[in-house]
Every structure is written in structure tokens, then in C-alpha cells.
Amino acid sequence: MTANAAVRRTVRASDLSDRELKARRLSMQFSASDAREILNHAIAEEFSGRIALVSSFGAESAALLHLVADVDPATPVIFLDTGKHFAQTLSYRKKLAKRLGLRDVRDINPDAAALTARDPDGELWKQDADACCTLRKVEPLVHALDGFDAWITGRKQFHGGGRANLPAFEASGAHIKVNPLIRWTKSDIDAYAAANSLEAHPLVDQGYPSIGCWPCTHPATGNDIRAGRWRGAAKTECGIHNASA
Ligand code: SF4
């Protein structure tokens, strides 16, 4: 390496935060590891006592919840209860948590005063879905993650879009996000669920491949698993992964 190249590399590294450097190191260290190895390291070692799983208890959630419960059923699980979930999601959340023995599922609600001020009639989603997601998901998650160093997500590369090149560990604001399922396919999820007798979300059988709030979720067919979310709008993410939570 020439002296100039060495200096350039030093300057580039110095531009990265300690958190970004750590995320890159962990992603390289676990580049060939499976989901269980990544979770074991993240929950039991690297971020022990300082990590939570964020789960929507949606169509693909059971496998990751099962894996986390296997490592440590006391791992905090954050469920953003937006007030707009399908009744089936709320009952599935209760049933699955009980079946898996998860001991610390936290139902996180939007701030009541903020709801009154910014969405008094509960119809903000019709006028401004981004503002609604900020109020009902992004802001509550920021508060719920206070005190944690890391959080686990269920995002997968096969979902495409901004998820296509996800690393296993990524720096995000004050946290590191752990993405143990990045290389899983739809077949992997189905096979894992079948092997462990995991009950599917009841709406999967009704044609919903991805499930969020009822006003913004529709049945869908085809390869784009998230096609039924915010149907007809440019929006593809709720914002919790865009924000620097
Ligand atoms: S998904 Fe829809 S209803 Fe749920 S918070 Fe976002 S805009 Fe509001």
C-alpha cells in the first residue's frame, strides 16, 4: 500500500463512528454464520442484558421469535401496538408469546397526548401515512429502545428494495441493529415453521403475505411479499428502519 493510500484509509476509518466500526467488524466476523449463531452471540455475549427484539407478530414473525426464545426467553420483545392492528394480530401476539414462553413482551402504545393533538379522529393514515407511522411507530420505538444498545429485526434480503443488501449488523443512531435472518428465503421460513410446529398468523391463509396495520395492509399475490403494504402508494417502509433509532 502506498503512503497516500494508507492515509486515505486512515481518514476513511476515522470518519466512521465506533458503533459503525463495531457493526462492520461483527458483520465480517459472522459473515458465514447462521441465524442461531448470530443470535447466541448478540443476546448471550456481545449485548447481554442490553438487547431487545422488535416484532410485529406478523406473517413471518414466528420463526425469529422461536429462535430468540430458544436462546433466552427473558429477552425483551417490543410490540408496537399502534391501535390499528387487526384483531387477529392481537390474539396471535398473545397466543404465540404464551406458546414460546416469552417472559417479557412489551406492548408499546403511542403517546396519548400526542395522539389527541395530532390524530384526534384516528384517520391521519388517510391524509399522511408517514406522519401516522411517525406518531404510532417511530416515536414510541425511540422511547421503548431507551436503555438498550442493540435491537434485533426480522428483515430479510429477499424482501428486496432497501433490504436487498442488508448486513447482519448495522449501526443505526444510538444502537446497533442485528439482522440474523438476512439470508433466509421464504422456503427457509416455511421449513423452519413446519419443523417446529409454529402456528401461522391467521391472516396468512386469507392471502396476506405481510401484515401490518389494517388500514395499510391488503392481500397480495406474486413475488413481492410486501406488495400489499401501503398499496398504491410510493411508501414501502413504516419508517422505523429509516429513522436513526
Ligand atoms: S401502517 Fe398505516 S395505520 Fe399503521 S401507523 Fe403506519 S400509516 Fe398509521
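Relevant structure appears above.
Quantities reported herein were computed from a predicted structural model and do not represent experimental measurements.

Caption draft 1: Here's a closer look at the environment of phenylalanine 30. Along the chain, phenylalanine 30 falls in the loop between helix 2 (18-29) and helix 3 (35-46). Here the alpha-carbon distance between phenylalanine 30 and alanine 168, two residues 138 residues apart in the chain, equals 7.6 Å. For phenylalanine 30, the residues in contact, after removing those within four places along its chain, are Glu37, Ile38, His41, Phe169 and Arg183.

Caption draft 2: Representation of the packing of helix 3 against helix 4 (residues 61-71) in the model. In contact at an axis separation of 10 Å, helix 3 and helix 4 are set at 50° when each is read in the N-to-C sense. Taken as axis vectors, helix 3 and helix 4 run oblique relative to one another. The crossing of helix 3 and helix 4 is right-handed. On helix 4, the residues that touch Ala35, Arg36, Leu39, Asn40 and Ile43 of helix 3 are Leu64, Leu67, Val68, Asp70 and Val71. Residue composition of the contact of helix 3 with helix 4, by class: seven nonpolar, one polar and two charged.

Caption draft 3: Layout of the site of the ligand. Close to the ligand lie Lys84, Trp125, Ala129, Cys132, Cys133, Arg136, Lys137, Cys213, Cys216 and Trp230. Per-element accounting of the shell around the ligand gives the leading share, five residues, to helix 8 (residues 129-144). Here the residues of the shell around the ligand sort into seven nonpolar, no polar and three charged.

Caption draft 4: Fine view of the side chain of arginine 93. Among the structural elements, arginine 93 can be located in helix 5 (residues 87-100). A polar contact is formed between the side chain of arginine 93 and the side chain of aspartate 107, at a distance of 2.8 Å. Those residues in contact with arginine 93 that lie beyond four places of it in its chain are Phe57, Phe79, Val105 and Asp107.

Caption draft 5: Structural context of the pattern of salt bridges. Enumeration according to the criterion identifies 13 salt bridges in this entry. The salt bridge involving arginine 93 is made with aspartate 107; its shortest N-O contact spans 2.8 Å. Of this pair, arginine 93 sits in helix 5 while aspartate 107 sits in strand 3 (residues 105-108), placing them 14 residues apart in sequence. In this structure aspartate 107 comes out as partly exposed when scored by relative accessible area, which is 34%.

Rules of the game
Here the residue index of a chain counts from 1 through its sequence in written order. Totals for whole chains, interfaces and linings use every residue, but because this is a predicted model, local features are given only for residues with pLDDT of at least 70 and side-chain atom pairs only at 80 or more, for both listing and counting. Hydrogens are left out, water is left out, and the side-chain values use all remaining heavy atoms of the structure. Each helix is a run of DSSP H or I of at least 4 residues and each strand a run of E of at least 2, with the numbering of both proceeding from the N terminus. Contacts are assigned to residue pairs with any non-hydrogen atoms lying within 4.5 Å of each other. Only the contacting stretch of a helix is used when fitting its axis, a line to C-alpha atoms as for every element, and angles between N-to-C directions run 0 to 180 degrees. For classification purposes, angles smaller than 35 degrees are called roughly parallel, those larger than 145 roughly antiparallel, those between 65 and 115 roughly perpendicular, and all remaining angles oblique. The hand of a helix crossing depends on one turn: near helix anticlockwise from the far one by less than a right angle means left-handed, and clockwise means right-handed. Following the grouping adopted for this structure description, the nonpolar residues are Ala, Val, Leu, Ile, Met, Phe, Trp, Tyr, Cys and Pro, the charged ones are Asp, Glu, Lys and Arg, and the polar ones are all others, Gly among them. Any residue with a heavy atom lying within 4 Å of a molecule or strand is counted as near it. Pairing of N or O atoms within 3.5 Å defines a polar contact, subject to two protein rules: one partner must be a possible hydrogen donor and the other a possible acceptor, and residues neighboring in sequence count only if both atoms are side-chain atoms. Any carboxyl oxygen of Asp or Glu that lies within 4 Å of a side-chain nitrogen of Lys or Arg is treated as forming a salt bridge with it. We call a residue buried when its accessible area falls under 20% of the maximum for its residue type, exposed when it is over 50%, and partly exposed in between, using a 1.4 Å probe and counting protein chains only.

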